[in-house]
Amino acid sequence: MDAYRILQNIRKTKPLVHHITNWVTIYDCAAITRSFGALPVMAHAKEEAAEMAAISSSLVLNIGTLTPEIIDAMVLAGKSANRKGIPIVLDAVGVGATPYRTKEAERLVSDLKIAVIKGNAGEIGTLAGVDSEVRGVESVRVSAAPIDIARKYSKESGAVVVITGKQDVVAWKGGVCLVNNGHAMMAGVVGTGCMAASAIGAFAAVEADCSKAASCALACYGIAGELAAKKSAGPMGFKQNLIDEAAALDEQKIKSMARVSEA
Amino acid sequence: MDAYRILQNIRKTKPLVHHITNWVTIYDCAAITRSFGALPVMAHAKEEAAEMAAISSSLVLNIGTLTPEIIDAMVLAGKSANRKGIPIVLDAVGVGATPYRTKEAERLVSDLKIAVIKGNAGEIGTLAGVDSEVRGVESVRVSAAPIDIARKYSKESGAVVVITGKQDVVAWKGGVCLVNNGHAMMAGVVGTGCMAASAIGAFAAVEADCSKAASCALACYGIAGELAAKKSAGPMGFKQNLIDEAAALDEQKIKSMARVSEA
Amino acid sequence: MDAYRILQNIRKTKPLVHHITNWVTIYDCAAITRSFGALPVMAHAKEEAAEMAAISSSLVLNIGTLTPEIIDAMVLAGKSANRKGIPIVLDAVGVGATPYRTKEAERLVSDLKIAVIKGNAGEIGTLAGVDSEVRGVESVRVSAAPIDIARKYSKESGAVVVITGKQDVVAWKGGVCLVNNGHAMMAGVVGTGCMAASAIGAFAAVEADCSKAASCALACYGIAGELAAKKSAGPMGFKQNLIDEAAALDEQKIKSMARVSEA
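What counts, and at which threshold
Residues numbered from 1 in each chain as written. Chains lettered and ligands numbered in written order. Predicted model: local features only at pLDDT ≥ 70, side-chain atom pairs only at ≥ 80, totals over all residues. Heavy atoms only, no water. Helix = DSSP H or I, 4+ residues; strand = E, 2+ residues; numbered from the N terminus. Rg over C-alpha atoms; globule rule 2.2 N^0.38 Å. Buried < 20%, exposed > 50% of the residue type's maximum accessible area, 1.4 Å probe, protein only. Contact = heavy atoms within 4.5 Å. Areas by Shrake-Rupley, 256 points an atom, 1.4 Å probe, with all protein chains shown as cover. Lys, Arg positive; Asp, Glu negative; His and termini not counted. Charge placed at Lys NZ, Arg CZ, Asp CG, Glu CD. Least-squares fit on C-alpha atoms with pLDDT ≥ 70 in both. Phe/Tyr/Trp six-rings, centres within 6.5 Å; stacked < 30°, edge-to-face > 60°. Lys NZ or Arg CZ within 6 Å of the ring centre and 35° of its normal. Patch = residues over 30% accessible without salt bridge, like charges linked within 9 Å, V, L, I, M, F, W, Y side chains within 5 Å. Salt bridge = Lys/Arg side-chain N within 4 Å of Asp/Glu carboxyl O. Disulfide = S-S within 2.5 Å. Polar contact = N/O pair within 3.5 Å; in protein donor to acceptor, adjacent residues only side chain to side chain. Buried area = accessible area lost by both parts, 1.4 Å probe. Nonpolar A, V, L, I, M, F, W, Y, C, P; charged D, E, K, R; others polar.

### Looking at the overall build of chain A
Part 1: What chain A contains, in helices and strands, is 11 helices and 11 strands.
Part 2: Taking 18 Å as the expected radius of gyration for a compact globule of 263 residues, we find that chain A reaches 16 Å, a close match to that expectation.
Part 3: With the C-alpha coordinates aligned to their principal axes, the bounding extent of chain A is approximately 45 × 40 × 35 Å.
Part 4: For chain A, the proportion of its 263 residues judged to be buried stands at 66%.
Part 5: Nonlocal contacts in chain A, meaning residues at least 24 apart in sequence, comprise 70% of its contacts between residues at least 6 apart.
Part 6: When the accessible area of chain A is evaluated, it comes to approximately 8700 Å², of which 50% is carbon and sulfur surface.
Part 7: The positive charge centre, built from 28 side chains, and the negative charge centre, built from 26, are 4 Å apart in chain A.

Take a look at the structure:
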């Protein structure tokens, strides 16, 4: 596990992580990015999206409240990032819930070179062409195992594919790894999925191996969740503690708690 | 009181509650919906608003930061909901503060069949044609009693009308009921009004009698507020505890604390 | 120090503070405004921006997630505020990070009479024509002392100029003052800069002397930060406590803790 080494690099170099994201969890995305030690910036105007992406170290695209204007800005920012070799993380929020969402996500995947595509089982299942059902932003049914969906879609897309859930799956052309950190409380809080994508964005900003960045980010984020759960009575207290614990991670916690294995 | 029975139904069936809402409290709307056990989704693009509404169990429209594009999306989502018989909750935020807000709220009420229209005394007073003053999103003066305003506007609109305040009033063609739950701290926190509308949306998603859904939602929400106030030193701590207490409601709390009466 | 007197006036008169602000920290801007006792309203539609500004007691413009539509609304609201003599606070978020942001901020300063222009050293340095570097919304390098930048730009713009940082600088045509309140934790939390502008907006809503309004607001806000830091383990807990402490300020705390001096 290089998680602690990558985290130290984030804290030392304070990379800029550009987000074009949704209006529900935009604050949480910024907050978790900041807690891991990176600098978040949110800029969705077509007039500056490309320039902001070009000075950033990674770009997080989250389609939770997409509109045509937002998608246009994502394409501009994404092409700018691609020209500079800046990694893009796509959070496929709600893909499968409406045809519009699915179509626009597919357009982003086809128009841009995405480094990491992240979603829950239903969202990634939809992109992978596996029979799935997504209710709003929740995965309610998939007809295959997450590990198989991730492997299949990783081959098709060429990207590192992340499926979050009770167990997180990270699949890339070289293999699959499983992250068994996290806590059941994460499923009951609005924004934990979006924050996972921002965490990956922060790690990918300083680590060129995106499968390693993703698995290390998910391990650290999950550990913060486990530590937060110990002191939280409800979902909002948990969210606050989760972001606070992300800021307080250290080598000892990460080494003793990380549960990452190859599949 | 059927409040606990309805709450159990929400928790069991996890209905999707579609919101087109404002950018200030959008997270809180999602969080309280989730705490009551429903699944929130926020989707305001004209390209998917109708489809997202059609797969939802209720639709919450909140005009807190309205624009012409948002109103257009609300009309599309609302007509879709009407076609499917999905209940619509309208939160008339800031009506009376500017002529634009008043006009657009009236247009929604006239173009759509709204199940529940909710606001503070000044907002509903403005819609009811009662002399009122609204400063931003606060009611500062009304020239009639909330109960009379609610009754009048319920007759005119055909909707269940909710006026929130120290005492919440729910009026419909069959009667009026008063909800005496809640706590003074709720008035000092940004977002408590918006969350009340989302609570009603969650209850109306599983309860066809919208006056019952509204009064039970307000009782449960108010009880969560009373429990939160006991452990909170300031407004933000209170808001966190309010959402957490909503997730922790049980039969004993609801039965012993609910204060709902017919007027 | 008139800080407590001004705070009492805010609490007594509950002035309306109109914001056109960014989507990341919009809730926090509203919350801190409310905690100081003022009424926040956020309204960015061109159809009502001018009218909402005209009934407000101050106007806060924050370009954190600017678009051409948002800037147009700001100009409409700003001209309306100028006609009525309502003070405008501009938070120059991210100026210097992209040419678009810099150009639009300069346009606001040139088209409107701004009472208070606020930013970090890099943002104000950029506006003042001092060699500066801004990474996203963080100041990473300036080639002059904040006090000199503030003085220079205050002369050029005619506005009260505020540079926030470890020490806050308030410069106006009659002098410069330094506010030494605040805590290091403020730098690690997303939104503390934006909330400082809202705090100034709340104080300027009731105090005609905008340099006094700004320094008193920053002192009170900083004191709340110092009190919050004593009880906070991480950034999110700190933010919650900061807003709660702002609501709990009293004469004794302000008199004993304020550290404002003329330069």
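From this point, the discussion proceeds with the structure in view.
### Considerations on the relation of the copies chain A and chain B
Part 1: Once turned by 120° and shifted 0.0 Å along the axis, chain A lies on chain B with an RMSD of 0.0 Å. The symmetry that links the two subunits is that of a three-fold axis. In terms of C-alpha distance to the rotation axis, chain A has Trp23 of chain A as its closest residue, with the C-alpha 3.8 Å off the axis.
Part 2: Mapped onto chain B, only 7% of the interface residues of chain A are again interface residues, and the two copies thus contact each other with different surfaces.

### Thoughts on the packing of aromatic side chains
Part 1: Enumeration over the complete set of coordinates arrives at six aromatic pairs over all chains.
Part 2: Of the aromatic side chains, those joined through ring pairs into one cluster are Trp23 of chain A, Trp23 of chain B together with Trp23 of chain C.
Part 3: The side chain of Lys239 of chain A reaches across the aromatic face of Tyr27 of chain B, ending 3.6 Å from its centre.

### Description of a negative patch on the surface
Part 1: A grouping of Glu47 and Glu69 of chain A, Glu47 and Glu69 of chain B together with Glu47 and Glu69 of chain C is seen on the molecular surface, where their side chains present a negatively charged patch.
Part 2: Relative to the assigned elements, Glu69 of chain B resides in helix H4 (residues 68-84).

### Overview of the state of the cysteines
Part 1: Under the defined criterion, the tally for this structure stands at zero disulfides over all chains.
Part 2: No disulfide involves Cys210 of chain A; its nearest neighbouring cysteine sulfur is the one of Cys216 of chain A, lying 12 Å away.
Part 3: Looking at the unpaired Cys194 of chain C, the closest cysteine sulfur is the one in Cys29 of chain C, lying at 5.1 Å.

### Remarks on the environment of Lys212 of chain A
All names here are of chain A.
Part 1: Structurally, Lys212 is set in helix H9 (residues 210-229).
Part 2: In the structure, Lys212 is positioned 26 residues away from Met186 in sequence and 22 Å away in space, judged by C-alpha atoms.
Part 3: Discounting residues that sit within four places of it in the chain, Lys212 has contacts with Asp2, Arg5, Ile6 and Glu207.
Part 4: A distance of 2.9 Å separates polar atoms of two side chains, one belonging to Lys212 and the other to Asp2.

### Examining the environment of Cys194 of chain A
Residues and elements named next belong to chain A.
Part 1: Counting through the fold element by element, Cys194 comes out in helix H8 (residues 192-204).
Part 2: Taking relative accessible area as the criterion, Cys194 reaches 10% and is therefore assigned buried.
Part 3: Along the primary structure Cys194 and Thr25 are separated by 169 residues, whereas in three dimensions their C-alpha atoms are 7.0 Å apart.
Part 4: Not counting the four nearest positions on each side in its chain, Cys194 is found in contact with Asn22, Thr25, Cys29, Asn62, Asp91 and Lys118.

### Here we look at the interface of chain B and chain C
Many analyses report the size of an interface as the accessible area lost when the parts associate.
Part 1: The partner chain C presents 26 residues to the 28 residues of chain B that form the contact.
Part 2: Note on chain B versus chain C: buried area summed over both sides is about 2200 Å², and carbon and sulfur give 65% of it.
Part 3: Linking chain B with chain C are one salt bridge, by the criterion used here.
Part 4: Where Glu48 of chain C meets Arg101 of chain B, a salt bridge forms, and the shortest distance between an N and an O atom there is 2.6 Å.
Part 5: At the junction of chain B with chain C, the criterion picks out nine residue pairs in polar contact (both at pLDDT 80 or more).
Part 6: Of all the secondary structure elements, the ones that give two or more residues to the side of chain B that touches chain C are helix H5 (99-111) and helix H10 (235-247) of chain B.
Part 7: With five residues, the top contributor of residues to the side of chain B that touches chain C is H10 of chain B.
Part 8: For the side of chain B that touches chain C, the per-class residue count stands at 13 nonpolar, 10 polar and five charged.

Remember that the coordinates give geometry; whether it matters functionally is a separate question.
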